[in-house]
Amino acid sequence: MKENNKLSAEPRRDINSKTVLGNPVLYAQFLRDNINIPCLKHIQPEDIEDVSERYRPYLGTEFESDTVKRVWLRQDENRNSRLQEPLFLISLTEHKSQVDYDVSMQLLKYMLCIWLDYGKEIRMQKEGASGRKSFRYPAVIPIVYYEGKASWTAERQFRARISGGELFRKWIPDFSYEVVRLHDYSNEELLERGDEMSLIMLFN
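All values reported here derive from a predicted model rather than from experimental measurement.

Some words on the overall build of the protein chain
Next up, step 1: Tallying secondary structure elements over the protein chain gives six helices and five strands in all.
Next up, step 2: Expressed as a percentage of the 204 residues in the protein chain, the buried residues total 43%.
Next up, step 3: By element, 51% of the accessible surface of the protein chain is carried by carbon and sulfur atoms, the whole surface being about 12000 Å².

Next comes the structure, spelled out in structure tokens:
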């Protein structure tokens, strides 16, 4: 009976995390506080568009707790300095007590969906645009938000998941992903931040 209660609690946590990370105000705070990437330090809620539902038909129900954001970057704090090209952020939420070692493969699937869809979007605006020499696909930054107590021991480099990764590295797509581990922060650190997202992390 206890085991059944434990299993039934996980979907509720997934829904809660999706709701939290689906909120642009909270997500902007999450990025500014936890992701050490300079171009994200000036992110504001109005710069963030949630496009998660766009990829559900391709990815299926197992990805329902994850979010995909289209983010418009700023060169600085000037609100009129928005760059023309968007950045995409993938947020996977992991509640498992054990590390998911296949998460890099899930992320690659997301990234490919985003790039293919973006190319299609550009071609709809102007025929053949994505096939031009000057065309570039947008950057995609994968993030794993991990609430489990165990240390995150999975390799963050995709190549490490492939047999003979070093030997055949020239022919293997490669990327790394960010991990935000809830238990890396003390209660005091979260309280010092004083924003809503940090308080939610503290309660979790």
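Anyway, onward from the coordinates.
Focus on the packing of aromatic side chains
The description of two aromatic rings rests on the distance between their centres and on the angle between their planes.
Next up, step 1: Scanning the entire structure with this criterion turns up eight aromatic pairs.
Next up, step 2: Arranged with centres 4.7 Å apart and planes meeting at 80°, the rings of F135 and Y137 form a pair that is edge-to-face.
Next up, step 3: With centroids separated by 5.3 Å and ring planes inclined at 15°, the aromatic side chains of F158 and F175 adopt a geometry described as stacked. In this pair, F158 is assigned in the loop between β4 (140–146) and β5 (178–181) and F175 in the loop between β4 and β5, connecting sequence segments 17 residues apart.

Structural notes on the nonpolar core
Next up, step 1: Judged by nonpolar contacts, the single largest core of 27 residues is most densely connected at F88, I90, V144, W152 and Y177.
Next up, step 2: The set of elements that each furnish at least two residues to this core consists of β3 (82–94), α4 (103–125) and β4.
Next up, step 3: Sort the elements by how many residues they give to this core and α4 lands first, with eight residues.
Next up, step 4: Counting residues in each nonpolar core, the second largest holds 24 residues, with I43, I48, L190 and M201 among its members.

Overview of a nonpolar patch on the surface
Next up, step 1: Nonpolar side chains collect at one region of the surface, where L167, F168 and W171 lie side by side and expose about 400 Å² of accessible area between them.
Next up, step 2: Take L167: it is sitting in the loop between β4 and β5.

Section: the confidence of the model for the protein chain
As a general rule, the predicted coordinates of low-pLDDT regions are not to be interpreted in detail.
Next up, step 1: Considering every residue of the protein chain, the mean pLDDT works out to 82; 82% of them sit at 70 or more.
Next up, step 2: Every residue in residues 1–15 is under pLDDT 50, and counting partners more than four places away or in other chains gives six contacts.

Here's the deal with the side chain of N34
Next up, step 1: Mapped onto the elements, N34 comes out in helix α2 (residues 24–34).
Next up, step 2: A polar atom in the side chain of N34 sits 3.0 Å from the backbone oxygen of F30.
Next up, step 3: For N34, the side chain forms a polar contact with the side chain of R193, separated by 3.1 Å.
Next up, step 4: When near neighbours in sequence (up to four residues on either side) are disregarded, N34 contacts V180, Y185, R193 and M201.

Conventions adopted
- For every chain, the first residue of the written sequence is number 1, and numbering continues from 1 along that sequence.
- For a predicted model such as this one, the threshold for reporting local features is a pLDDT of at least 70, and the threshold for listing and counting side-chain atom pairs is 80 or more; totals across whole chains, interfaces and linings nevertheless cover every residue.
- As a convention, hydrogens and water are excluded, and side-chain values are obtained from all of the structure's heavy atoms.
- Strands here are runs of E lasting at least two residues and helices are runs of H or I lasting at least four, both read from the DSSP assignment and numbered beginning at the N terminus.
- A 1.4 Å probe rolled over the protein chains alone gives each residue an accessible area, and that area as a share of the maximum for its type sets the label: buried under 20%, exposed over 50%, partly exposed in between.
- Computed by Shrake-Rupley with a 1.4 Å probe, the accessible areas treat only the displayed protein chains as cover when residues are assessed.
- Stacked, tilted and edge-to-face pairs are distinguished by plane angle, under 30 degrees for stacked and over 60 for edge-to-face with tilted covering the rest, among Phe, Tyr and Trp rings (Trp via its six-membered ring) whose centres lie within 6.5 Å.
- Nonpolar cores are built from buried Ala, Val, Leu, Ile, Met, Phe, Trp, Tyr and Cys residues. Side-chain atoms within 4.5 Å join them into one set.
- A patch consists of residues exposed above 30% relative accessible area that lack any salt bridge, with like charges linked at up to 9 Å and nonpolar side chains (Val, Leu, Ile, Met, Phe, Trp, Tyr) linked at up to 5 Å.
- By definition here, a salt bridge exists when the distance from a side-chain nitrogen of Lys or Arg to a carboxyl oxygen of Asp or Glu is within 4 Å.
- Every residue carries a pLDDT, the predictor's confidence in it, which falls somewhere between 0 and 100.
- The criterion used for residue contact is that any of the two residues' heavy atoms lie within 4.5 Å.
- By the criterion applied in these results, polar contacts are pairs of N or O atoms within 3.5 Å in which, for protein atoms, one can donate a hydrogen and the other can accept it, and in which residues neighboring in sequence qualify only through two side-chain atoms.

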